[in-house]
Amino acid sequence: TEPAAKTSDAVVAFDLVTGKMLWSYQTEESDAWMVGCVPETTENCPKDLGTDHDIGSSPILLRLKNGKQILLVTPKSGDVFALDPDKRGAFLWKTPLTNTIAPNNGEVAFGGAAVANAFYIPLEDGRFVALDPVNGKVLWDVRLQSLRELGEKTPNGENRTKAGLRFGQSAAATLIPGAVFTEGWDGFIRALAASNGNVMWQFNTARDFKTVNGVAAKGGSMGGPGAVVVNGWVYVGSGYANVGGGMPGNVLLAFATE
């Protein structure tokens, strides 16, 4: 609520031994926002409603090829920040990934994945980008075609556009050598080439499945946690509809290489 604290929409560093706050860096000021205040307003709503551009994903502490550490921060605004953790969160660079003000649900939700030479970020508008973590330069920017754009049907037989369902990429990204996995609100899991963003493989999870435990199950939207990769297997949960506009489901899927 108002007034928004200086530590709102911020990265905060604490001493692990004492819990003392060491420093903070605020990515957006005065962002007082409450659920239920759009479009209606009540006496509990902030007089100056913010943009709801909090930081929904964990910062990434990354060591570059030169040995220097940086902190990569992705608030929901779609502006990517790089901070210097060795200089009390000093600003290094900022890269905006959208030319418009991101909606309340955000442009970046649960975060990307990074290695020393690339930072991979899924976006709510259906794009997926890779940045150079040294300077924030865009390495590649691709737009993933969705069910909504293709005009295909949802599992309930509704036209996707008429159903008003979301279609972007908000689930956390998962990186393996040579590829990055991203899961969409349209129910697709995709493996993109880490070098250029080309779709190497994709699978539509928004359908019925025969399960190993005999329980009726179907997939749906994937908007939260990313894929888990271990011992050559890829595990994903499908049916995330918590934030609104998603297709519900209740299935855990396991994929292996052929």
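Just so it is clear, the structure is predicted and the values come from calculations on it, not from any experiment.

**Some points on the pairing of strand β5 (residues 79-84)**
Okay, so step 1: The element β5 is largely enclosed, with a buried count of 6 among its 6 residues.
Okay, so step 2: Residues Asp79, Phe81 and Leu83 line one face of β5 and the alternating positions Val80, Ala82 and Asp84 line the opposite face, and both faces are buried.
Okay, so step 3: Between strand β4 (residues 69-73) and β5, which follow one another and run antiparallel, lie 5 residues, and glycine 78 among them has a positive phi close to 95°.
Okay, so step 4: One ladder, built from 6 bridges, connects β5 with strand β6 (residues 90-96); its direction is antiparallel. The residue bridging aspartate 84 from the neighbouring strand is alanine 90, located in β6.
Okay, so step 5: Linking β5 back to β6 in an antiparallel pair, the connection comprises 5 residues, with arginine 88 at a positive phi of about 55°.

**Observations regarding the sheet that holds β5**
Okay, so step 1: Pairing is antiparallel in the open sheet, where 4 strands are placed in the order β3-β4-β5-β6. Every other strand in the sheet has two partners, leaving β3 (60-63) and β6 as the edge strands with one partner each. Within this sheet the neighbouring strands show an average axis-to-axis angle of 25°, counted without direction.
Okay, so step 2: When β4 meets β5, the two strands line up antiparallel, connected through 3 bridges.

**Some thoughts on the environment of aspartate 15**
Okay, so step 1: Within the secondary structure, aspartate 15 is located in the loop between β1 (10-14) and β2 (21-26).
Okay, so step 2: In this structure the side chain of aspartate 15 is engaged in a polar contact, spanning 2.7 Å, whose partner is the backbone nitrogen of valine 17.
Okay, so step 3: Within the structure, aspartate 15 has its side chain in polar contact with the backbone nitrogen of threonine 18 (distance 3.1 Å).

**Points about unusual backbone geometry**
When glycine is set aside, most residues are seen to have a negative phi, and most peptide bonds are trans.
Okay, so step 1: Backbone torsion omega between glutamate 2 and proline 3 reads -5°, so that peptide bond is classified as cis.
Okay, so step 2: Among the secondary structure elements, proline 3 is positioned in the segment before β1.
Okay, so step 3: Of note, the phi angle at serine 30 is positive, near 55°, even though the residue is not glycine.
Okay, so step 4: Among the secondary structure elements, serine 30 is positioned in the loop between β2 and β3.

Quick notes on the rules
Residues numbered from 1 in each chain as written. Predicted model: local features only at pLDDT ≥ 70, side-chain atom pairs only at ≥ 80, totals over all residues. Heavy atoms only, no water. Buried < 20%, exposed > 50% of the residue type's maximum accessible area, 1.4 Å probe, protein only. Helix = DSSP H or I, 4+ residues; strand = E, 2+ residues; numbered from the N terminus. Pairing = 2+ DSSP bridges. Axes fitted to C-alpha atoms, helices over the stretch in contact; angles between N-to-C directions. Polar contact = N/O pair within 3.5 Å; in protein donor to acceptor, adjacent residues only side chain to side chain.

Geometric values such as these leave the question of function open.
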